[in-house]
Amino acid sequence: MPFINVKMAGPEPTKEQKQKLVEEMTETMVRVLGKSRERVQIYIETYDASSIGSGGKTLDEIRKEQK
């Protein structure tokens, strides 16, 4: 059973955006890897920007610097 775990910084995607992600990622697994659509599982996790770091800074700090 294939699993796809999507982790991203907030803001939280809308229900419609999540549905579109699930549809399109499932289609990619079916098309590229020949997986059974019914068995593909997608997990979407959203994290606060202060909980993600890169290059010694939180994503919150990086976003503030880019403004």
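None of the values given here were measured: they were computed from a predicted structure. (Residues numbered from 1 in each chain as written. Predicted model: local features only at pLDDT ≥ 70, side-chain atom pairs only at ≥ 80, totals over all residues. Heavy atoms only, no water.)

(A) Geometry of a nonpolar patch on the surface. Among the surface-exposed residues, M1, F3 and Y43 lie close enough to one another that they form a single nonpolar patch of about 330 Å² accessible area. Summarising the element assignment, Y43 is placed in strand 2 (residues 41-47). Classification of Y43 by relative accessible area gives partly exposed; the value is 39%. (Patch = residues over 30% accessible without salt bridge, like charges linked within 9 Å, V, L, I, M, F, W, Y side chains within 5 Å. Areas by Shrake-Rupley, 256 points an atom, 1.4 Å probe, with all protein chains shown as cover. Salt bridge = Lys/Arg side-chain N within 4 Å of Asp/Glu carboxyl O. Helix = DSSP H or I, 4+ residues; strand = E, 2+ residues; numbered from the N terminus. Buried < 20%, exposed > 50% of the residue type's maximum accessible area, 1.4 Å probe, protein only.)

(B) Seen up close, the environment of E45. With respect to the secondary-structure elements, E45 resides in strand 2. A relative accessible area of 28% means that E45 is categorised as partly exposed. Ignoring sequence-local partners within four residues, the contact set of E45 consists of N5, V6, K7 and M8. One polar contact links E45 to Y47, side chain to side chain, over a distance of 2.7 Å. (Contact = heavy atoms within 4.5 Å. Polar contact = N/O pair within 3.5 Å; in protein donor to acceptor, adjacent residues only side chain to side chain.)

(C) Looking closely at the packing of aromatic side chains. For the structure on display, the rule yields 1 aromatic pair. Geometrically, the ring pair formed by F3 and Y43 is stacked, given 6.0 Å between the ring centres and 25° between the ring planes. Placement of F3 in strand 1 (residues 3-9) and of Y43 in strand 2 is noted, with a sequence separation of 40 residues between them. Its relative accessible area of 51% is what places F3 among the exposed residues. (Phe/Tyr/Trp six-rings, centres within 6.5 Å; stacked < 30°, edge-to-face > 60°.)

(D) Region of the structure containing the pairing of strand 1. Across 7 bridges, strand 1 lies against strand 2 in parallel orientation. Within strand 2, the position partnered with V6 by the bridge is I44. A crossover links strand 1 with its parallel partner strand 2, the connecting element being helix 1 (residues 15-33), and its sense is right-handed. (Pairing = 2+ DSSP bridges. Right-handed = clockwise from strand over helix to strand, strands pointing away.)

(E) Looking closely at helix 1. Over its 19 residues, helix 1 runs 27 Å from end to end, which matches the ideal 27 Å to within 8%, given 1.5 Å per residue. Directly after helix 1, the chain includes G34, whose backbone phi takes a positive value near 70°. (Expected span 1.5 Å × (residues − 1).)

(F) Representation of the pattern of salt bridges in the model. Tallying each qualifying case throughout the model produces 4 salt bridges. A salt bridge links E65 to K57; its shortest N-O distance comes to 2.8 Å. For E65, a relative accessible area of 51% puts it in the exposed group.

(G) Just the side chain of T26, in detail. Within the secondary structure layout, T26 lies in helix 1. Not counting the four nearest positions on each side in its chain, T26 is found in contact with R37, V40 and I42.

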